[in-house]
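One-letter residues, chain by chain:
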Amino acid sequence: MIRWIPFLLLTYVLVLVQTTVGRILTMEQFSVGPFGPDLLIPLAVFVAFYAKDVYDAMLCGWVIGIFIDLTTAGGGGAPTRVGPMAIILALAMWVTFNARDWLYREKVLPQFIVGGLLCFTTHFLWCVVQIFFASRGWGLLGSLCIQVLLSSLYTALLTPPAFMLLWLCRKWLFAMSTSSRSRRNR
Amino acid sequence: MTHFKPSKPTLLSAFIVLSAALTFLGPDSAGALRARLHWMLAPLGDAGMAVTTAFKNLTTPSEPIITQRYAQQLKQENVLLRQQLESMEARLLRVLGTLQDGQAEFSHLFGPRKDVPVEFIAARVVAADSLPYGWSRVLNEGRDQGIRNGMYATQLRVIHDRSKQITGNPMVISGATVVGRVIESGAFTSRLALLTDGGFEMYGQIRRVIDPRNPRMIRYRARMRRLSPQINEPVPVFVKGDGREHMVAIEVKKLHEIRPGDILQTQPDDGALPAEVNVGVVDRVEDDAQNAGMVKLYIKPLTNMAALREVMIVIPALGRLETVGHRGTQR
């Protein structure tokens, strides 16, 4: 079960870092356009891997997504809309949660791959939705695809080290279940 | 009395429906929502952005470094040009002496105002976008300080001789340069779309730079003439950010003979900034594949966008800003 207050605090801190000092990690002087890591993706992957309940994972995805939506205004050819990332990330969390049984969650390679795939899928769909609603800027999509691909690789590289940090505070994020059923299962 | 506690599926469904509704409501409601969240970022974001901009300034120098030898060459050239200018000015003064007296009196009584009728509000960048694909910044001043959507933001550019050490306050020898436009304004914060953002667009004009060593012929009143100050009229253009590091002006006639190095400026009849303020420099000129006889201009902003920290928001005193659209398209 998710401890919501620590989770919300951690999400807020990560958003604050990402929008300010985290911009140091963003590569802005490239001919394809700026790209950089999404520091919230490792948190989303971690929650999807270790949450007890699929609804917890999806709600966490929604919270992370709405934070991203509310702190992003550029990139879609016009001021962006609030909501698409929340929906996309909530649905992506459902997929990741259901796929985790086929993965070695503790290994670096699955963390790297899932981090990159989750970043690519969510960011690409977000860009497409924003450009669709802007009704313009389809010409930007080609370069945005490359930017999203590079950002996903960057995020994938950061996901395993972020997992190690998040693992240290897992007790802070997830409450141990105390129901009679779970005690019986122990 | 039973206490209603929604289940997780119900809560999730409600949130997803709410997100879908917000998506369809459009960017105006999104802007209002974002402005309400800025207070969570602005107070704590200042220190973070100070570190980021300092780092970006170190890693991406905003001005090209000129060599000592080139600086000396420029100085000598300046001396020669100044001498020529002084002699020409003396001639001009003799010819126009009597006329100027009358004109001065006339201008004093009926002439236009010399100063630009705008005010400035100093603001600081306190946060950037969460995702890296856009070029927008959150400022620490908002509606309560008089900032509205569509207003221009400028930055003072300091040019100095890098071969000399700067002591005290450096003298500003170049005016303001435009860096972007306000797209969202909350009570205490606002959001700026920078020139290179995919959603940025504006009307401007290209001022062709006259280089005596490299003259150019232009069509002027159905005749080919050498470009001179008397016939150097600005070329109106419509520019958009390309989402990368340039602005692009499309459908510009080839016969205007625009070249790399020419300057993009704001138009003096723009309600939001009624002056000719420099925006960028033409970086390259490409033939437009779709339109014969047209060229596409790639314009590089004069300011290092990644390291933007202090800006001046331009508040027009004429009260014409109500006509400026969401992205600044007013015509």
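What you see is a predicted model, and the numbers here were worked out from it, not measured in a lab.

A. Inspection of the overall build of chain B at higher detail. If you tally the helices and strands in chain B, you get three helices and 14 strands. Taking all 331 residues of chain B together, 42% fall into the buried category.

B. A look at the packing of helix α2 (residues 40-50) of chain A against helix α6 (residues 141-168) of chain A. Residue and element names in this part refer to chain A. Their axes nearest at 9 Å, the elements α2 and α6 cross at an angle of 60°. If you check the angle between α2 and α6, you find them oblique. Crossing geometry of α2 relative to α6 is assigned as right-handed. Two secondary-structure elements touch here, α2 through Ile-41, Pro-42, Leu-43, Val-45, Phe-46, Phe-49 and Tyr-50 and α6 through Thr-155, Thr-159, Ala-162, Phe-163, Leu-166 and Trp-167.

C. The interface of chain A and chain B, seen in detail. Facing the 59 residues of chain A at the interface are 56 residues of chain B. A combined buried area of about 5,000 Å² lies between chain A and chain B, and 65% of that area is made up of carbon and sulfur atoms. Residue assignment for the side of chain A that touches chain B shows that the elements contributing at least two residues are α1 (4-19), α3 (54-70), α4 (84-99), α5 (108-134) and α6 of chain A.

D. Representation of the environment of Leu302(B). Within the secondary structure, Leu302(B) sits in the loop between β13 (294-301) and β14 (310-316). Taking the C-alpha atoms as reference, Leu302(B) lies 9.7 Å from Leu264(B); in sequence the two are 38 residues apart.

E. The arrangement of the pairing of strand β9 (residues 235-241) of chain B in detail. Residues and elements named next belong to chain B. The alternating pattern of β9 places Val-235, Val-237, Val-239 and Gly-241 on a buried face and Pro-236, Phe-238 and Lys-240 on a face that is not buried. Of the strand pairs in this sheet, strand β6 (residues 201-207) and β9 are connected by six bridges, and their pairing is antiparallel. Bridged to Gly-204 within β9 is Val-237. In the sheet, β9 pairs with strand β10 (residues 247-253) via three bridges, with the strands oriented antiparallel. The partner of Gly-241 across the bridge, within β10, is Met-247.

Here is what the cut-offs are and how they apply
Residues numbered from 1 in each chain as written. Chains lettered and ligands numbered in written order. Predicted model: local features only at pLDDT ≥ 70, side-chain atom pairs only at ≥ 80, totals over all residues. Heavy atoms only, no water. Helix = DSSP H or I, 4+ residues; strand = E, 2+ residues; numbered from the N terminus. Buried < 20%, exposed > 50% of the residue type's maximum accessible area, 1.4 Å probe, protein only. Axes fitted to C-alpha atoms, helices over the stretch in contact; angles between N-to-C directions. Parallel < 35°, antiparallel > 145°, perpendicular 65-115°, else oblique. Left-handed = near helix turned anticlockwise from the far one by under 90°. Contact = heavy atoms within 4.5 Å. Buried area = accessible area lost by both parts, 1.4 Å probe. Pairing = 2+ DSSP bridges.

Take it as geometry only, folks, not as evidence of what the structure does.
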